[in-house]
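Notes for the structure review
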Amino acid sequence: YSPGAMINLIVNLINTPNVNDSVLQFCCTFLKNIISNRINSNVKDVWIMIDNQTRAIYKDTLFSQLGSDNFKIRSGISGCISAICCEEFKQNQWFEIITTLNNIACNDDINFKLSALTTLKNISQDVTPGIIPQNYLGEILFTVMKNSGSNIDLKVNLEALGIL
């Protein structure tokens, strides 16, 4: 299989109902490593070589799984989205994901809120410093402030403060 074919296979498997959680976790880890160019050092920019339309489908598919009530699946999907951001941001693309995640972090549903905060935390840790434009950094800071404090759920507080 080529790296592009592997990405297609894994994204489709992640989107398949009733797949074992352990399999999903493995798929997320493997996908993140492919996107991050950690599987085959001879093949660079695997994600960017995929056409824009197909990448958009993959991003939508992964994003739709982000609200899982299973922490391990949320975490795995979040890692995949962060890996995609590392590649897309270098191309000055997909910064709007930050606004979307900030909006989701204001959601009342704890799973969506934690998913968004975990993804923002991963992005802030994984993306090369200086790539994210200032206005998006300001949005992230606002989200941290909105989701931290004494009257906020402890898990939400920890995820929000972990972004910093």
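Relevant structure appears above.
By convention here, each chain's residues receive numbers from 1 onward along its written sequence. Local features are withheld for residues below a pLDDT of 70 in this predicted model, meaning they are given only at 70 or higher, and side-chain atom pairs are given and counted only at 80 or more; totals for whole chains, interfaces and linings count all residues. Processing note: side-chain calculations cover all non-hydrogen atoms of the structure and skip hydrogens and water entirely.

Examining the packing of helix α1 (residues 3–14) against helix α4 (residues 52–64)
- Only the contacting stretch of a helix is used when fitting its axis, a line to C-alpha atoms as for every element, and angles between N-to-C directions run 0 to 180 degrees. For the purposes of this entry, the term helix denotes a DSSP run of H or I that reaches at least four residues, the term strand denotes a run of E that reaches at least two, and both are numbered from the N terminus. At a closest axis distance of 10 Å, the pairing of α1 and α4 adopts a crossing angle of 30°. As far as their axial angle goes, α4 and α1 are roughly parallel. Here α1 and α4 pass one another in a crossing that is left-handed. Contacts from Gly4, Ile7, Asn8, Val11 and Ile14 in α1 reach Tyr58, Thr61 and Leu62 in α4.
- For this classification, Asp, Glu, Lys and Arg are treated as charged, while Ala, Val, Leu, Ile, Met, Phe, Trp, Tyr, Cys and Pro are nonpolar and the rest, including Gly, are polar. In terms of residue class, the contact of α1 with α4 is built from five nonpolar, three polar and no charged. Each angle is binned into one of four classes, with values under 35 degrees roughly parallel, values over 145 roughly antiparallel, values of 65 to 115 roughly perpendicular, and all other values oblique. Working rule for handedness: look at the near helix, and if it is turned counterclockwise from the far one by less than a right angle, call the crossing left-handed; if clockwise, right-handed. In this description, contact between two residues means that some pair of their heavy atoms is separated by no more than 4.5 Å.

A short note on the packing of α1 against helix α2 (residues 21–35)
- Two numbers describe how α1 lies on α2: the axes approach to 10 Å, and their chain directions differ by 150°. By the angle between their directions, the pair α1 and α2 is classed as roughly antiparallel. Crossing handedness for the pair α1 and α2: left-handed. Contacts from Pro3, Met6, Ile7, Ile10, Val11, Leu13 and Ile14 in α1 reach Val23, Leu24, Cys27, Cys28, Phe30, Leu31, Ile34 and Ile35 in α2.
- Along the lines of polarity and charge, the residues of the contact of α1 with α2 split into 15 nonpolar, no polar and no charged.

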